[in-house]
Amino acid sequence: MPDEFDVIVIGAGPAGENVADRAVRGGLTAAIVEERLAGGECSYWACVPSKALLRPVDLAGEVSRVPGMSLGEIDVAAVLARRDEAVSRYDDGGQVRWIEGVPAEFVRGRGRLDGPKRVRVTLSDGGERVLTARQAVVLATGSTAAVPPVPGLAEARPWTSHEVTAATAVPERLAVIGGGVVACEMAQAMHGLGARQTTVLVRGGGLLNRMEPFAGEMVAESFTAAGIDVRTHTDVVRVERPEPGGKITVHLSDGPPLEADELLVATGREPATGDLGLASVGLADGGYVEVDDSMRATGVAEGWLYAVGDVNGRALLTHMGKYQARVCGDVIAARARGDELCEMRDLADHYGAPQVVFTDPQVCAVGRTEEAARKAGFHARAVDYDLGSVTGAYLLGDGYRGRARAVVDEDRRVLLGVTFVGPGVGELLHAATIAVTAEVPIDRLWHAVPSFPTVSEVWLRLLEAYGL
């Protein structure tokens, strides 16, 4: 007979784990199916290892700006060893124990939908198990790195976020395709750890093009000063790698070919839905699963299927996936109690997800950019301030450069978005997130007095620049 649970979650990354936890807190039983490592992409091949690799480079930058301080060469072997520790040496035993302590049942295998409220699992030991859900099935399978159809690229076995964050050695020559977050963070990490010839190839006009334009411009300036070659408006037309693990030749739309020891492809993500059995419940295989604000799949009329995290395409960020999961688990538990009018729903995605790019300088933002606010029909005004002129920033070191922007809805006098660029500014972001999502009137923000001498005094300067 099939195993039966109230909730079945396919995918044991941060989003899947949080769904199960919240559902169990609400009095339901849960099972989580995962074929790889419990803890998911973020724990082993994304957020955690990338920040472990970036931290020494970031710290070296801080030390270099403080007179009287000096730092020797970075011990790359020690950095890689700490990265291995940060990812639990790719052993998910602790994460599995956490899931079982929720308590939820952990099922190791490949889960696929097999009709309404049914999940067929191909177990890792070769067996098979059929699970049925009394209340809901939740898809939390995340996303995978997209590899564009450039001739020879796939055959060259390029690095993606998986390989670069798990690297056991730093290549002497690294080429990077892409200008987004992964491309920028990993180009800087590898360059700082010893990739002496690092080239970033950007098809468009600049880095971090989903953020305020000055953010990508300041990161590009920092890269150039550090010796990273940033080439914009550059297409990769062909890639050659005659021997596995050998030299790579990247043919470009303009200029001579580029030679590299490794090639990182960081051109975006694709939802991991291609082999999930969506057709068995009337949805198209592949593509994002569209959901409403309760995370319920809109294409399944019976209302038992949900999708959280990258798989629904709303915001491909770990913290947003976990937030959606908390909403989803609470909604499922409430509906199981018969509370169909429950108020739990995803609001944060509508304001604009907070995000930190851990380059040097750091870039962080929440809400809308000035351009996005105007396109959405808001009467928007952008106010900028030179972050480096704040006393607290000066005290952090010579040559501190940064910029802050607040985007104000002139009709309601609330913040629509905030962007900070500068060393260490990631810790400023949550105050901005509260101000944007709570729609705190800027006249009230004027009474939130920042401490002196901290970098957060930029809040006062932004409000003064606005005219308060």
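Predicted model only: the values in this text are computed from it and were never measured.

Now for the side chain of Gln188. With respect to the helices and strands, Gln188 occurs in helix α7 (residues 181-192). Among the polar contacts listed, one links the side chain of Gln188 to the backbone nitrogen of Asp360, at a separation of 2.6 Å.

Take the pairing of strand β1 (residues 3-10) next. Along any regular strand, the residues point their side chains to alternate faces of the sheet. Within β1, six of the eight residues are buried, which leaves it mostly tucked inside the rest of the structure. Both β1 and strand β5 (residues 128-139) contribute to a ladder of seven bridges, which runs parallel. Note on β5: the bridge partner recorded for Asp3 is Leu131. Alignment of β1 against strand β2 (residues 30-34), held across four bridges, turns out to be parallel. If you follow Ile8 over to β2, its bridge partner there is Ala31.

Looking now at the packing of aromatic side chains. On inspection of all chains with the given rule, the structure shows two aromatic pairs. Ring centres of Tyr44 and Trp45 lie 5.5 Å apart, and the angle between their planes is 55 degrees; this geometry places the pair in the tilted category. The two residues Tyr44 and Trp45 agree in class, both being buried. Summarising the aromatic geometry, the rings of Phe420 and Trp459 are spaced 6.0 Å apart at their centres and angled 75 degrees between planes, so their arrangement reads as edge-to-face. With Phe420 in strand β20 (residues 414-422) and Trp459 in helix α15 (residues 458-466), this pair connects stretches of sequence that are 39 residues apart. With relative accessibility at 13%, the residue Trp459 sits in the buried group. Sitting over the ring of Trp45, Arg36 keeps its end group 4.7 Å from the ring centre. Taking the ring centre of Phe214 as reference, the NZ or CZ of Arg403 above it sits at 4.2 Å.

Nonpolar side chains in soluble globular proteins tend to end up buried together. The biggest cluster of nonpolar side chains holds 60 residues, and the ones touching the most others in it are Leu113, Leu131, Val137, Val138, Leu139 and Leu305. The biggest single contributor to this core is helix α9 (residues 318-336), with eight residues. If sequence neighbours within four positions are ignored, Val137 has contacts with Ile8, Ile10, Leu113, Lys117, Val119, Trp304, Leu305 and Tyr306. One finds Val79, Trp159, Val200 and Ala220 within the second-largest nonpolar core, a separate group that totals 36 residues.

Right, let's get into the UniProt feature "domain: Pyridine nucleotide-disulphide oxidoreductase dimerisation" (unreviewed entry) in the protein. The UniProt entry lists residues 354-459 under the feature "domain: Pyridine nucleotide-disulphide oxidoreductase dimerisation" (unreviewed entry), expressed in the numbering used here. The span residues 354-459 carries 24% helix and 30% strand; its end-to-end C-alpha distance comes to 17 Å.

So, on to the environment of Tyr385. Relative to the helices and strands, Tyr385 is located in strand β18 (residues 380-386). Overall, Tyr385 belongs to the partly exposed group, its relative accessible area being 23%. Taking the C-alpha atoms as reference points, Tyr385 and Gly216, separated by 169 residues in sequence, lie 17 Å from one another. Beyond its immediate chain neighbours, meaning those up to four positions away, Tyr385 contacts Val390, Arg403, Ala404, Val458, Arg461 and Leu462.

In the contact formed by helix α1 (residues 14-25) and α9, the axes pass within 7 Å of each other and the chain directions differ by 25 degrees. Classified by the interaxial angle, the pair formed by α1 and α9 is roughly parallel. For the pair α1 and α9, the sense of crossing is right-handed. Residues Pro14, Ala15, Asn18, Val19, Arg22 and Ala23 of α1 form the contact with α9, whose own contacting residues are Thr318, Gly321, Lys322, Ala325, Arg326, Cys328, Gly329, Asp330 and Ala333. Split by residue class, the contact of α1 with α9 holds seven nonpolar, four polar and four charged.

On to the sheet that holds strand β12 (residues 258-260), then. One open sheet holds the three strands; their spatial order is β10-β11-β12, and the pairing between them is antiparallel. Strands with a single pairing partner mark the edges of an open sheet, and in this sheet they are β10 (236-240) and β12. Averaged over all pairs of adjacent strands, the angle between strand axes in this sheet comes to 20 degrees, irrespective of strand direction. Strand direction decides the pairing type here: β10 and strand β11 (residues 248-252), joined by four bridges, are antiparallel. Counted as the bridge partner of Arg238 is His251 from β11.

Criteria and thresholds
Residues numbered from 1 in each chain as written. Predicted model: local features only at pLDDT ≥ 70, side-chain atom pairs only at ≥ 80, totals over all residues. Heavy atoms only, no water. Helix = DSSP H or I, 4+ residues; strand = E, 2+ residues; numbered from the N terminus. Polar contact = N/O pair within 3.5 Å; in protein donor to acceptor, adjacent residues only side chain to side chain. Buried < 20%, exposed > 50% of the residue type's maximum accessible area, 1.4 Å probe, protein only. Pairing = 2+ DSSP bridges. Phe/Tyr/Trp six-rings, centres within 6.5 Å; stacked < 30°, edge-to-face > 60°. Lys NZ or Arg CZ within 6 Å of the ring centre and 35° of its normal. Core = buried A, V, L, I, M, F, W, Y, C linked by side-chain atoms within 4.5 Å. Contact = heavy atoms within 4.5 Å. UniProt positions renumbered as here; feature names shortened; annotations may be inferred. Axes fitted to C-alpha atoms, helices over the stretch in contact; angles between N-to-C directions. Parallel < 35°, antiparallel > 145°, perpendicular 65-115°, else oblique. Left-handed = near helix turned anticlockwise from the far one by under 90°. Nonpolar A, V, L, I, M, F, W, Y, C, P; charged D, E, K, R; others polar.

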